[in-house]
Amino acid sequence: MDMITRRRFLTASGVVAAGALAAGGSAYALRDILATAGDREPGRILVLVTLYGGNDGLNTVIPYADPAYAAARPGLAYEPGQVLALEDGVGLNPGLKGLHTLYGEQRLAVVRGVGYPKPDRSHFRSMDIWQTAAPQRPGTTGWLGRWLDTAGGDPRLAISFEPVLPPLLAGATSAGATVPGGALTLPKGVTKPVLDGFGTAAAGESPAQARAAACFADLVRVQGLMTDVAAEAGEDDDAAGQATATGGQAPPLDQQLALVARCVEAGAATRVYSVSLGGFDLHADEKTAQEALLTRLDRPLAAFVQRMAGTEAGRDVVVAVYSEFGRRVRANASDGTDHGTASDVLLLGAGIQGGLYGEAPSLTDLDDGDLRYTVDFRDVYAMLLADVLGAEPQRILDGWRSRLTFS
Amino acid sequence: MTDRATASHLLRRLTFGPTAAEVDAAARAGIGATLDKVLEPIGRTADLPGLEPGGPPPKGASREEKQKARQAARAQLTTATRWWLARMAAEPGAAEKLTFFWHGHWATSAQKVRSAPLMLAQQQTLRRYGGGPTGPLVRAMLRDPALILWLDGQRNTRRAPNENLARELMELFTLGVGSYGEADVKAGARVLTGWQVDRAAGTAELLPRRHDDAPVTLLGSTGRFDVDSYADLLVRHPAHAPFLAQRLWVRYGSGAAPGPDTAARLIAASRTGTSAMLRALATDPAFAATAGRLVKQPVEWMVGAVRQLRVDVTELPENKQQQILAGLRALGQVPFRPPSVGGWPVGAAWLTTSSARFRLQHGQTLTALAGGAVEELAEAGRDDRVEALARLLVVDGWTDRTAAVLRAAAGEPRRLLALGLASPEYAVH
């Protein structure tokens, strides 16, 4: 299967690469996370869903009643009859049936027009901006990594089920954990003394070699790992592959969310889970492909939200879905769209009042062909930090003061 | 550094994993002569495997015919990948490593291109122009059918330009973020309009009726541009040589950006060409201190092991060839399948519990194919085997912790060799 943009971010931005990965960004076994069961402090849990590639917001939450929408996108626009209507002439992509049901139950909040000043249309740069929450100059720490720094730094508080650590979980002094999804049975003849031996730190070795050694120490903890969800679901090479230049390497979203569900229900101490879905960079023949991708977001996500509603710990879970940018208002000649700016953030779960929030950007008063943002993404982060993680947003967001409210 | 350590370091970086004999020869010949020798063949094209021209199944093809065409395309890609791996293992010089560098730089994936002949044609372009100045390379790549398909270039027309290729051309291939603006992306996309790929013929052609030849302002110059003048504008841009120097140093040097003095020396060499930059890099005062600090990419790890263990991959039965490809897949790097247009990661991102496990497993896979190397280890006295292993794998030395693990396995040469391949010392170079 393919690797992901995320790895590219590691190399492009320097986030994680030098400090966090060498120092602490560690791969844990699921067992290590579950071993913290019962340790959870009271409080909510954040599940952050990253959509890599730049999801087209205008064909996700569709302003079908605005004549400018159909006019800008011949061949790409949905007819009013096709969209799953919400209210105010706005509807969801037909791929989002599960989320539409949740909206009807006032459990889905749609924040419209989320972006940042001077939008950057590079995937890599814009994703850095979202993950570091530093629009002027993306730094070397992720916003949830900085939260982790303030929350004591135990890597198990913030985890990802992807093979490499997403930059958003890299702090200055600590880093979240990656929990490899697959079962890591050891090859024949590889004994614990071998792993312990290779896993011992040696004086004077280079940081790269020290990290290579540390992987063996981590591997020791994986021995005897119970058959996990990824293995149960089986390997499906094609299901995860996306034929775009910014596809995904993470396990399929349903597997990632199943692991989250298991940890939450076991009462793991983890407060932040990072999951992702890639492949949204649809410069050509977008409509069918995006609808299929959104279905692959919708089904596991709606099922996860329903499952979480069924347990006490699950009712503490808040889900937030974002992408690095939306896309150009006007379709290109290839029935696709080029990189754009502001888009929607979706919020679900504990304490989230369903409905439409934020002002929908105008489709005619554009900034060089792109939407003007109406909500700064740091307002959304500030709300999540304060209301979900009980943190002080200003400390983590470089003094940022305003925040999204549900009123 | 001793002469031998200097030669080992240089060959580990510039080539796909030197053998002990190659290091001996290089230490005897000296750095200058060794550089002449490894850099000399750069620019020669290869005899590509003969593949039928690819192409979509005919219009109105039945489901079965379409399926057959897909299977045939997949089989061709496997053939091409194996051919390339065998060539990497067979070539002792710097040429194929540089071709692989450029493949990761102009990262194009067969997943979307869906044609082994087009992927090989692109690779041949990288091979032909990769050692020289970048002008001819950029000009050729802007006409490359695989790149055009990969970045939607054939969808980029006068009526509505598609920015994908123009943006990545400047961001990832020639200048880097911050050296161009959004207006340049739009102008660049217009300059690149009108190219069409004929999959069956393997060619790209400019269709005037789809091309926008109106004057644009691009990177501060106003006028009518074509792909050649656009390419020239890019390679003459003040950001281009520093960008390339950085990309080379990241892959061949320290894994991070070069210091200002090193960068200046590489930039000066760029006027002559990329192979001159490699020579400058390998003779840079900062180069020696980078030994052991760069994480091997999986292809480097695998091909290096194949060379050092003297495994003839072309002679392997089908299932063994599959095991080698499966190993690369598990480790996360398959040629012709980069993860995104940004290419493969560098450094610690390759080091995970999962990769440690797969290096243990595929160390065993490779050892099972390496009868000669196992015998050679067995011939050394038991007490000398750990040292002999370091020589075989061109590792400068073992740490005490690794030496202890290896000594415990010294009675079983095959197991010893597999553990050496999986060791932390062999994961870096």
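Residues numbered from 1 in each chain as written. Chains lettered and ligands numbered in written order. Predicted model: local features only at pLDDT ≥ 70, side-chain atom pairs only at ≥ 80, totals over all residues.

Chain B appears in an unreviewed UniProt entry as DUF1800 domain-containing protein from Actinoplanes auranticolor.

Going by an unreviewed UniProt entry, chain A carries the name Secreted protein and comes from Actinoplanes auranticolor.

A. Broad picture of the nonpolar core. In terms of nonpolar packing, the biggest core is built from 146 residues, with Met119, Leu266, Leu281, Val306, Leu389 and Leu417 of chain B touching the most fellow members. The dominant element in this core, judged by the number of residues it contributes, is helix α4 (residues 63-90) of chain B, at eight residues. When residues no more than four places from it in sequence are discounted, the contact partners of Met119 of chain B are Ala80, Ala110, Val113, Ala146 and Phe336 of chain B. Ranked by size, the runner-up nonpolar core spans 103 residues in total, among them Ile62, Trp130, Cys263 and Tyr357 of chain A. (Core = buried A, V, L, I, M, F, W, Y, C linked by C-beta atoms within 7 Å. Buried ≥ 20, exposed ≤ 12 C-beta atoms within 10 Å, placed from the backbone. Helix = DSSP H or I, 4+ residues; strand = E, 2+ residues; numbered from the N terminus. Contact = placed C-beta atoms within 7 Å.)

B. Quick look at the sheet that holds strand β3 (residues 84-87) of chain A. Read across the open sheet, the three strands follow the order β2-β4-β3 (chain A); overall the sheet is antiparallel. Across the chains shown, the open sheet's two edge strands, defined by having one partner strand only, are β2 (61-62) and β3 of chain A. (Pairing = 2+ DSSP bridges.)

C. Up close: helix α7 (residues 143-150) of chain A. Residue and element names in this part refer to chain A. Burial analysis of α7 places six of its eight residues in the buried class, the great majority of the element. Along α7, the positions that sit buried rather than exposed are Trp143, Leu144, Gly145, Arg146, Trp147 and Leu148. For α7, the secondary structure elements touched by its buried residues are α6 (123-132), β6 (158-160), β8 (272-277), α14 (377-388) and α15 (393-396). A positive phi of about 110° marks Gly152, the residue just after α7.

D. Expanded view of the packing of helix α19 (residues 371-379) of chain B against helix α22 (residues 413-422) of chain B. All names here are of chain B. Relative to each other, α19 and α22 sit at 110°, their axes nearing to 9 Å. For the element pair α19 / α22, the angle class is roughly perpendicular. Crossing geometry of α19 relative to α22 is assigned as right-handed. Each of Ala373, Val374, Leu377 and Ala378 in α19 lies in contact with α22, whose residues at this interface are Pro413, Arg414, Leu416 and Leu417. Taken together, the residues of the contact of α19 with α22 sort by class into seven nonpolar, no polar and one charged. (Axes fitted to C-alpha atoms, helices over the stretch in contact; angles between N-to-C directions. Parallel < 35°, antiparallel > 145°, perpendicular 65-115°, else oblique. Left-handed = near helix turned anticlockwise from the far one by under 90°. Nonpolar A, V, L, I, M, F, W, Y, C, P; charged D, E, K, R; others polar.)

E. The arrangement of the environment of Ala80 of chain B in detail. Residues and elements named next belong to chain B. Looking at the secondary structure, you find Ala80 in helix α4. C-alpha of Ala80 to C-alpha of Leu120: the two residues are 40 residues apart in sequence and 7.3 Å apart in space. If we skip the residues at most four places from it in the chain, Ala80 touches Pro49, Leu51, Ala116, Met119, Leu120 and Phe336.

F. Structural view of the pairing of strand β1 (residues 195-198) of chain B. Residues and elements named next belong to chain B. Residues Trp195 and Val197 line the buried face of β1, whereas the alternating positions Gln196 and Asp198 sit on a face that is not buried. Two elements, β1 and strand β2 (residues 203-206), share four bridges in a ladder whose sense is antiparallel. The partner of Trp195 across the bridge, within β2, is Leu206. With antiparallel pairing between neighbouring strands as the criterion, β1 and β2 make up a hairpin whose turn holds four residues, including Gly202 at a positive phi of roughly 75°.

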